[in-house]
Amino acid sequence: MVRVFLDVVAVAVGLALVIRGADYLLDGALYFVRRFRVPEIVVGLTVVAFGTSLPELVINVIASLRGEAGITVGNIVGSNIANVLLILGISALISPIRRHALILRREIPLNLVLVLLLILFMFLPAGKPVLSRAEGLMLLLFFAGYLYLTLSKARGEDLEDGKGEGSTATAVAQVLGGSIALAFGSNWALNGAVGLAHYLGISEVFIGLFVLAVGTSLPELITSTMAAARGNPYIAIGNVSGSNIFNVAMILGLSALIRPITLPDRAAFDVLFLLLTTVLLLFFTMVSRGNLLGRRRGILFIAVYILYLVLSLKIERLGLPGVFLALDSAIRNLL
């Protein structure tokens, strides 16, 4: 019972740190928006995205050093799927997310290019799929190019000083402190949730698919929903788009550079579902004339995420061949 009590405390304190850290991070980021007239979308794509990607970074570096490839890949791919479907879905329910030219022209297409590049690295070589150090370095170079383009865009739009409340030093402290609180808080909440799951008899599959993926995406979830509630939808979608690029290009690239990643058997399903998720978001970007994501599309995104969890549980229970046989049987019965 003592262990259960400590797990409950860890979850409560972790969530409190995440919520408070997200609040500080947003306050610091919005200071730069007001003070230097940097577009909100640029802040969301850089400062906020990096801060909310810290849990994935910490977990993946540790997993790479230990040689735990399943966690290394699953943490990033699962978090990116949750970022788009779950976080953008919830954010859209709170406040419809409008179109933005920067997202349309660059960020979402870049996400698609990055996922296709990941598929190319993972599955084209013959034999056991491996993400090598050379490919990890290429992902890091991709990230460096992305960061350069984003900061160049910011320099072109922040020539005039605006009026911001507080000071630059305070804002920097808020961004750093908020990021640290997000990293520690999400880690404590995640560890506590895993402990409670074991105590309640929840399967390891459920822990991996739900607790880990949603747990490491908790900063993005809190930050994006708070941004949407406070009327800053560009930070919400910029945070998700930027975090997904950070996760694959920087974090997975760094993980492969530390130790080549041998992919687990079900990696193909997860990465292809991430491709489907990214294509779905890009499709709505292309066809939208008003809101990029309204409440109906938010509900659709959440439903697709639930479908992903259901299919993932089936795969863990039956294996990929068993799932294909079950689908074939279901189709034959319908016909």
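Residues numbered from 1 in each chain as written. Predicted model: local features only at pLDDT ≥ 70, side-chain atom pairs only at ≥ 80, totals over all residues. Heavy atoms only, no water.

## Notes on the overall build of the protein
Here is step 1: The helix and strand inventory of the protein stands at twelve helices and four strands.
Here is step 2: Within the protein, buried positions represent 50% of all 335 residues.
Here is step 3: Looking at the protein as shown, the accessible area adds up to about 15,200 Å², and 70% of this sits on carbon and sulfur atoms. (Helix = DSSP H or I, 4+ residues; strand = E, 2+ residues; numbered from the N terminus. Buried < 20%, exposed > 50% of the residue type's maximum accessible area, 1.4 Å probe, protein only. Areas by Shrake-Rupley, 256 points an atom, 1.4 Å probe, with all protein chains shown as cover.)

## Overview of the pattern of salt bridges
Here the idea is simple: oppositely charged side chains can pair when their charged atoms come close.
Here is step 1: One pass over the full model with this rule turns up one salt bridge.
Here is step 2: Where Asp 7 meets Arg 3, a salt bridge forms, and the shortest distance between an N and an O atom there is 3.7 Å. Residue Asp 7 and its partner Arg 3 are both found in helix H1 (residues 2-36); the two are separated by four residues, about one turn of the helix.
Here is step 3: On the accessibility criterion, Arg 3 (58% relative accessible area) is exposed. (Salt bridge = Lys/Arg side-chain N within 4 Å of Asp/Glu carboxyl O.)

## A look at the packing of aromatic side chains
Here is step 1: Tallied over the entire structure, the rule returns nine aromatic pairs.
Here is step 2: Between Phe 143 and Phe 246 the ring centres are 4.9 Å apart and the planes differ by 75°, which places this aromatic pair in the edge-to-face class. Taken together, the positions of Phe 143 in helix H6 (residues 133-155) and Phe 246 in helix H10 (residues 233-258) put the pair 103 residues apart, joining distant regions of the chain. Considered together, Phe 143 and Phe 246 belong to a single accessibility category, that of buried residues.
Here is step 3: Consider the rings of Phe 283 and Phe 284, whose centres lie 5.8 Å apart with planes at 55°: the pair is tilted.
Here is step 4: For Phe 283, a relative accessible area of 47% gives the class partly exposed.
Here is step 5: An aromatic cluster of three or more residues is present, and its members are Phe 269, Phe 273, Tyr 305 and Tyr 308.
Here is step 6: For the cation-ring pair, Arg 20 lies above Tyr 24, with the distance from its terminal atom to the ring centre recorded as 4.8 Å. (Phe/Tyr/Trp six-rings, centres within 6.5 Å; stacked < 30°, edge-to-face > 60°. Lys NZ or Arg CZ within 6 Å of the ring centre and 35° of its normal.)

## Section: the packing of helix H4 (residues 69-94) against helix H9 (residues 218-229)
Here is step 1: Contact pair H4 / H9: the axes reach a minimum separation of 8 Å and the direction vectors enclose 25°. Taken together, the axes of H4 and H9 are roughly parallel relative to one another. Like other packed secondary-structure pairs, H4 and H9 cross with a definite hand, here right-handed. Contacts between H4 and H9 involve Asn 83, Ile 87, Ile 90, Ser 91 and Ile 94 on the former and, on the latter, Glu 220, Leu 221, Ser 224, Thr 225, Ala 228 and Ala 229.
Here is step 2: Tallied by class, the residues present in the contact of H4 with H9 amount to six nonpolar, four polar and one charged. (Axes fitted to C-alpha atoms, helices over the stretch in contact; angles between N-to-C directions. Parallel < 35°, antiparallel > 145°, perpendicular 65-115°, else oblique. Left-handed = near helix turned anticlockwise from the far one by under 90°. Contact = heavy atoms within 4.5 Å. Nonpolar A, V, L, I, M, F, W, Y, C, P; charged D, E, K, R; others polar.)

## Describing the environment of Ala 227
Here is step 1: Topologically, Ala 227 is positioned in helix H9.
Here is step 2: Considering only alpha carbons, one finds Ala 227 and Asn 239, twelve residues apart in sequence, at a separation of 9.6 Å.

## Brief notes about the side chain of Asn 83
Here is step 1: Among the structural elements, Asn 83 can be located in helix H4.
Here is step 2: Look at Asn 83 and you get buried, because its relative accessible area is 0%.
Here is step 3: If we skip the residues at most four places from it in the chain, Asn 83 touches Leu 88, Ser 217, Glu 220, Val 240, Ser 243, Asn 244 and Asn 247.

## Here's the deal with a nonpolar patch on the surface
Here is step 1: Nonpolar side chains collect at one region of the surface, where Val 2, Phe 5, Leu 6, Val 9, Val 13, Ile 180, Phe 184 and Trp 188 lie side by side and expose about 760 Å² of accessible area between them.
Here is step 2: At the level of secondary structure, the elements contributing two or more residues to the nonpolar patch comprise H1 and helix H7 (168-199).
Here is step 3: Top contributing element to the nonpolar patch by residue count: H1, with five residues.
Here is step 4: Assignment of secondary structure puts Val 9 in helix H1. (Patch = residues over 30% accessible without salt bridge, like charges linked within 9 Å, V, L, I, M, F, W, Y side chains within 5 Å.)

## Overview of H1
Here is step 1: The end-to-end C-alpha distance of H1, which contains 35 residues, comes to 50 Å, matching closely the 51 Å that a straight helix rising 1.5 Å per residue would cover.
Here is step 2: Two residues or fewer after H1 comes Arg 37, characterised by a positive phi angle close to 55°. (Expected span 1.5 Å × (residues − 1).)

## Details of the confidence of the model for the protein
Here is step 1: This prediction gives the protein a mean pLDDT of 78; 81% of its residues lie at or above 70.
Here is step 2: Under a pLDDT of 50 for its full length, residues 158-163 has, in the predicted model, 13 contacts with residues more than four places off or in other chains. (pLDDT = per-residue confidence, 0-100.)

## Digging into the environment of Ala 69
Here is step 1: By the secondary structure assignment, Ala 69 is in helix H4.
Here is step 2: Considered as a pair, Ala 69 and Val 130 are 61 residues apart in the sequence and their alpha carbons are 9.9 Å apart.
Here is step 3: Setting aside chain neighbours within four positions, we find Ala 69 in contact with Ile 261 and Thr 262.

## Thoughts on the side chain of Asn 80
Here is step 1: Checked against the element boundaries, Asn 80 lands in helix H4.
Here is step 2: Side-chain polar atoms of Asn 80 contact the backbone oxygen of Asn 244, separated by 3.3 Å.
Here is step 3: A polar atom in the side chain of Asn 80 sits 2.7 Å from the side chain of Asn 247.
Here is step 4: With residues up to four places along the chain from it excluded, the contact list for Asn 80 reads Asn 244, Asn 247, Val 248 and Leu 274. (Polar contact = N/O pair within 3.5 Å; in protein donor to acceptor, adjacent residues only side chain to side chain.)

## Description of the packing of H1 against H7
Here is step 1: Following both chains from N to C, one finds H1 and H7 inclined at 155°, their axes separated by 6 Å at the closest point. One element, H1, and the other, H7, form an angle in the roughly antiparallel class. For the crossing formed where H1 meets H7, the hand is left-handed.
Here is step 2: Residues of the contact of H1 with H7, tallied by class, amount to 25 nonpolar, twelve polar and two charged.

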